[in-house]
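Observations on the three-dimensional arrangement
Spelled out from the first residue to the last, the chains are:
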Amino acid sequence: MGFFARLFGLSKKKTKARDVNVLIVGLDNSGKTSIIEKMKLQTGGSRRRAQGANEVTPTVGFNVDTFSKGGVAFTVFDMSGAGRYRNLWEQHYREAKAVMFVVDSADKLRLCVAKDELDAMLSSRDLRGKPFLFFANKARPPSHWSPYDRMDVPAALSPVDIAQGLSLDEIDQHPWQIVPSNALTGTGLQEGADWLTNFLAK
Ligand SMILES: Nc1nc2c(ncn2[C@@H]2O[C@H](COP(=O)(O)OP(=O)(O)OP(=O)(O)O)[C@@H](O)[C@H]2O)c(=O)[nH]1
Ligand SMILES: [Mg+2]
């Protein structure tokens, strides 16, 4: 059962059979692998590992998930965020149809490092015009979230803080959206995926 195809709920009517590559990047420990694992659990997709989203280990290099559903084949590149592996990200820019950029909302000290990496990506010709979905992960949750969510890293930055810290309002060459998320509960993942689907399904 393909997780992204189900997650995105892509319609056969709207989508021709084709490959869709999505790149997931962000600093180490931001929660990229946890987000992918949670998405797979939410949608009943095949699991790369028999473990939950809160039991992940740091990614070495990158992991790839490939699956098909409803005539759509997805390949997800889950990149390591560790500094020594970040030069691997750009090798996948050209083939990527969209980028998920994950930020650890509790990692205030390294928000400027995330911004440097983002700025380098935004200036890449190979990513020109491609949509960027930002997950403000481990987010300080909005009030409508459940009591469980409110317990997640209370001192974290809000999505507004993160948008300001990354200067997202200065991005004018890419469609972009920022969504608060909690990879452990799965909150926000569907909302983010729905936004991305609007671009991938065109
Ligand atoms: N509280 C909280 N912890 C999270 C959340 N998402 C991930 N984590 C934890 O953060 C740690 C890092 O998560 P990973 O998914 O391995 O992060 P990553 O971005 O893939 O890291 P690298 O592979 O090293 O680049 C793990 O201990 C996760 O359980 C979240 O939304 N809330
Ligand atoms: Mg990882």
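Residues numbered from 1 in each chain as written. Chains lettered and ligands numbered in written order. Predicted model: local features only at pLDDT ≥ 70, side-chain atom pairs only at ≥ 80, totals over all residues. Heavy atoms only, no water.

**A word on the coordination of the magnesium ion (ligand 2)**
Note the following rule: Distances decide who is a donor: an N, O or S atom must be within 2.8 Å of the metal, or within 3.2 Å for Na, K and Ca. Water is not included, so sites may look incomplete. What counts as a helix is a DSSP run of H or I of at least four residues, what counts as a strand is a run of E of at least two, and both are numbered from the N terminus. Accessible area is worked out with a 1.4 Å probe on protein chains only. A residue is then buried under 20% of its type maximum, exposed over 50%, and partly exposed in between.
Donor atoms from the polypeptide that coordinate the magnesium ion (ligand 2) comprise Thr33 (OG1) and Thr59 (OG1), at 2.0 to 2.1 Å from the metal. Of the two residues, threonine 33 sits in helix 2 (residues 32-43) while threonine 59 sits in the loop between helix 2 and strand 2 (62-69), which places them 26 residues apart along the sequence. The pair threonine 33 / threonine 59 is uniform in exposure class, with both members buried.

**As for the pairing of strand 5 (residues 132-137)**
To keep things clear, this is the line we draw: Note on handedness: a clockwise path from strand one over the helix to strand two, with the strands aimed away from the viewer, defines a right-handed crossover. Strands qualify as paired when DSSP identifies two bridges or more between them.
Most of strand 5 sits inside the fold, with six of its six residues counted as buried. Of the two faces of strand 5, the one carrying Phe132, Phe134 and Ala136 and the one carrying Leu133, Phe135 and Asn137 are both buried. Following the chain from strand 4 (residues 98-104) across helix 3 (residues 111-122) to the adjacent parallel strand 5, one finds a crossover that is right-handed. Here six bridges tie strand 5 to strand 6 (residues 176-181), and the two strands are oriented parallel to one another. Counted as the bridge partner of asparagine 137 is serine 181 from strand 6.

**Overview of the UniProt feature "binding site: Mg(2+)" (unreviewed entry) in the protein chain**
Threshold: UniProt positions are given in the numbering used here, feature names are shortened, and annotations may be inferred rather than shown by experiment. Residue contacts are defined here by distance: any two heavy atoms, one from each residue, within 4.5 Å place the two residues in contact. Any pair of nitrogen or oxygen atoms within 3.5 Å is treated as a polar contact; in protein, a donor-acceptor pairing is required on top of that, and neighbouring residues in sequence qualify only through side-chain atoms on both sides.
Taking the UniProt record as the reference, the feature "binding site: Mg(2+)" (unreviewed entry) is found at Thr33 and Thr59. In terms of the greatest pairwise C-alpha distance, the residues named above, spread along 27 residues, form a tight cluster of at most 7.5 Å across. By relative accessible area, which is 14% here, threonine 59 ends up buried. Dropping the residues within four chain positions of it, threonine 59 is found in contact with Thr33, Asp78, Met79, Ser80 and Tyr85. Only 2.8 Å separates the side chain of threonine 59 from the side chain of threonine 33, close enough to count as a polar contact.

**Quick look at the side chain of aspartate 107**
Within the secondary structure layout, aspartate 107 lies in the loop between strand 4 and helix 3. With a relative accessible area of 18%, aspartate 107 lands in the buried category.

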